[in-house]
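Structure at a glance
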Amino acid sequence: MQGPDFLVIGAPRAGTTWLYERLAEHDQAWLPPIKELHYFDVERPGAPRAALAGRYYRHNAGGLLRRAVRRDLGPGGLRWASRYLCGRRGDRWYATLFAAAQQRGLRSGDITPGYMALDPAEVTTVAATFPAARIILMLRHPVDGVWSMVRKLTVGDAALDAQQVLDVIDSKDVRLRADYPRALSVWGEAFPAEQLFVGFFDDLVAAPERLLAELFAFLGLDPGHSPAPERASGAVNRGRERELPPTVERALIERYLGDVEQLAARFAGPAQRWLDDLRARQRRLAARRGTPH
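Heads up: these notes are all about the structure in this document. Throughout this document, residue positions are counted from 1 along each chain, in the order its sequence is written. Restriction of local features to residues with pLDDT of at least 70 applies here, the model being predicted, together with a cutoff of 80 or more for giving and counting side-chain atom pairs; totals for whole chains, interfaces and linings are based on all residues. For side-chain calculations, the full set of non-hydrogen atoms in the structure is used, while hydrogens and water are omitted.

**A closer look at the packing of aromatic side chains**
Only rings of Phe, Tyr and Trp enter the pairing, Trp through its six-membered ring, and a pair is recorded when the two centres are within 6.5 Å. The plane angle decides the type: under 30 degrees is stacked, over 60 is edge-to-face, the rest tilted. For the structure on display, the rule yields 18 aromatic pairs. Geometrically, the ring pair formed by Tyr94 and Phe98 is edge-to-face, given 5.1 Å between the ring centres and 80 degrees between the ring planes. On the criterion of helical spacing, the pair formed by Tyr94 and Phe98 is a turn pair, its members being four residues apart in helix H5 (residues 91-103). Through a chain of ring-to-ring contacts, the aromatic side chains of Trp30, Tyr39, Phe40, Tyr57, Trp80, Tyr84, Trp93, Tyr94, Phe98, Tyr115 and Phe130 assemble into a single cluster. Note that Arg89 overlies the ring of Tyr84, its terminal NZ or CZ placed 4.8 Å from the centroid. We note Arg140 situated over the ring of Phe201; from NZ or CZ to the ring centre the distance is 4.2 Å. Each helix is a run of DSSP H or I of at least 4 residues and each strand a run of E of at least 2, with the numbering of both proceeding from the N terminus. Working rule: Lys NZ or Arg CZ, within 6 Å of ring centre, within 35 degrees of ring normal, means a charge sits over the ring.

Structure representation (structure tokens):
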């Protein structure tokens, strides 16, 4: 039972939609018509969020049916949709979702950022079931990433209430998705180091073609493949622009400063820049507090 060649997990708003589109363009790779399969956290029998399975199924079924009506799935896509919609959930069913592409010699994978929140026992099960899978873990400046996620979840243009924002930030899913040291430890203990790639949103923005070449090489794809220039930018799935309230910014800095210190010691580069940025923000907020009105 081969299963996916790779899994892409990640922090909130860390560029996984852009990565899905770039990998789908590579002639040696294949990705499902649905970006986020949510098998391990929702669809798998006994998954931690199995209560949401029906909702995900209806949402994905509707999207696939609309694409079928528009005739943009193609015969292979229709066969895949039939297998996805009609199959009985389980590890063998999940593995069959990638089998046809693998038989054509293509590398295939599942891009579901939410897998980052799986607990150690669940990740150990993933590794035991699909031990050859390669894991791509995308990280973003935690304050910026969480704030971008909050903006995306906000409906309309109403002013954001600081306490409501803090409640979202304190939710279990957001806390787990933004706990980078935990995710690195959990996935790093379950999979060998050579099967784990850590990518940074900063590199996606600053040097997307270089990041893609590194990812392609890690996955065994031709690293010389590059997207059209107009598609190389990481500007996909942008969130709504809103000003970060000082109360929320202060809370986020206090929460993630220690984590970023750990990351800077391990990775330097972007993580060190995050640390410098958070310390500068701390000084700015402290100065603002001390300014008389």
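Moving on from the model shown.
**Considerations on the sheet that holds strand E3 (residues 107-111)**
One bridge is not enough; two strands pair if DSSP finds at least two bridges between them. Ordered in space as E2-E3-E1-E4-E5, the five strands form an open sheet in which the pairing is parallel. Unpaired on one side and paired on the other, strand E2 (29-30) and strand E5 (196-200) mark the two borders of the sheet. In the sheet, strand E4 (residues 134-139) pairs with E5 via five bridges, with the strands oriented parallel. In the sheet register, Leu139 faces E5, and the bridge partner there is Phe200.

**Focus on helix H6 (residues 120-129)**
Between buried and exposed lies partly exposed: a residue is buried under 20% and exposed over 50% of the maximum accessible area for its type, with that area taken using a 1.4 Å probe on protein chains only. What H6 keeps buried is the set Val123, Val126, Ala127 and Thr129. For this analysis, residues touch if any pair of their heavy atoms sits within 4.5 Å. Lining the buried residues of H6 we find strand E1 (6-10), helix H2 (39-43), H5 and helix H10 (180-190). Two or three places before Ala121, at the opening of H6, Asp119 has a side-chain oxygen 3.1 Å from that residue's backbone nitrogen. By the criterion applied in these results, polar contacts are pairs of N or O atoms within 3.5 Å in which, for protein atoms, one can donate a hydrogen and the other can accept it, and in which residues neighboring in sequence qualify only through two side-chain atoms.

**Looking at H5**
Each α-helix winds once per 3.6 residues, and so residues spaced three or four apart point in a common direction. Here, expected helix span is obtained from the residue count minus one, scaled by 1.5 Å. The first and last C-alpha atoms of H5 sit 18 Å apart over 13 residues, in line with the 18 Å expected at 1.5 Å per residue. Most pronounced at Leu97, the bend in H5 amounts to some 35 degrees. What H5 keeps buried is the set Trp93, Tyr94, Ala95, Leu97, Phe98, Ala101 and Gln102. Contact partners of the buried residues in H5: E1, E2, H2, helix H4 (74-86) and E3. Positive backbone phi, at 80 degrees, marks Gly105, one or two positions downstream of H5. In this scheme, the bend at a residue equals the angle between the axes fitted to the seven residues that finish there and the seven that begin there.

**Digging into the nonpolar core**
Think of a nonpolar core as a cluster: buried Ala, Val, Leu, Ile, Met, Phe, Trp, Tyr and Cys residues, connected wherever their side-chain atoms sit within 4.5 Å. Counting residues in hydrophobic clusters, the biggest one holds 88 residues, and the most contacted among them are Tyr94, Tyr115 and Trp187. When residues in this core are grouped by element, the largest group, eight residues, is from helix H14 (residues 246-267). Those residues in contact with Trp187 that sit more than four places away from it in its chain are Leu7, Ile9, Tyr115, Met116, Leu118, Val123, Val126 and Ile135.

**Structural notes on the packing of helix H8 (residues 162-169) against H14**
Here an angle of 0 to 180 degrees is reported between the N-to-C directions of two axes, which are lines fitted to C-alpha atoms, with helices fitted over the stretch in contact. The N-to-C vectors of H8 and H14 enclose an angle of 25 degrees; their axes lie 10 Å apart at closest approach. Of the possible angle classes, the one that applies to H8 and H14 is roughly parallel. When the axes of H8 and H14 are compared, the crossing they make is right-handed. In this structure, H8 uses Ala162, Val165, Leu166 and Ile169 to contact H14, whose residues at the interface are Val248, Ala251, Leu252 and Arg255. Note that the term roughly parallel is reserved for angles under 35 degrees, roughly antiparallel for angles over 145, roughly perpendicular for angles of 65 to 115, and oblique for everything else. Helix crossings get a hand from a simple test, with the near helix turned counterclockwise from the far one by less than a right angle marking a left-handed crossing and a clockwise turn marking a right-handed one.

**What about unusual backbone geometry?**
Phi at Arg13 takes a positive value of approximately 60 degrees, unusual for a residue other than glycine. Here Arg13 lies in the loop between E1 and helix H1 (16-25). Backbone geometry at His38 places phi at a positive 50 degrees, although glycine is not the residue there. Secondary-structure assignment places His38 in the loop between E2 and H2.

**Overview of the side chain of Thr16**
Inspection of the secondary structure puts Thr16 in helix H1. A distance of 3.0 Å separates polar atoms of two side chains, one belonging to Thr16 and the other to Lys35. For Thr16, the contacting residues outside a window of four places in its chain are Val8, Ile9, Lys35, Ile111, Pro113 and Met138.

**Here's the deal with the pattern of salt bridges**
Salt bridge criterion: a side-chain nitrogen from Lys or Arg within 4 Å of a carboxyl oxygen from Asp or Glu. Considering all chains together, one arrives at 15 salt bridges under this definition. The partner of Asp5 in a salt bridge is Arg107, and the shortest N-O contact between them spans 3.7 Å. Linking Asp5 in the segment before E1 with Arg107 in strand E3, this pair joins segments that are 102 residues apart in sequence. Look at Asp5 and you get buried, because its relative accessible area is 7%. We note a salt bridge from Glu21 to Arg22, for which the minimum N-O separation is 3.6 Å. Overall, Arg22 belongs to the buried group, its relative accessible area being 4%.

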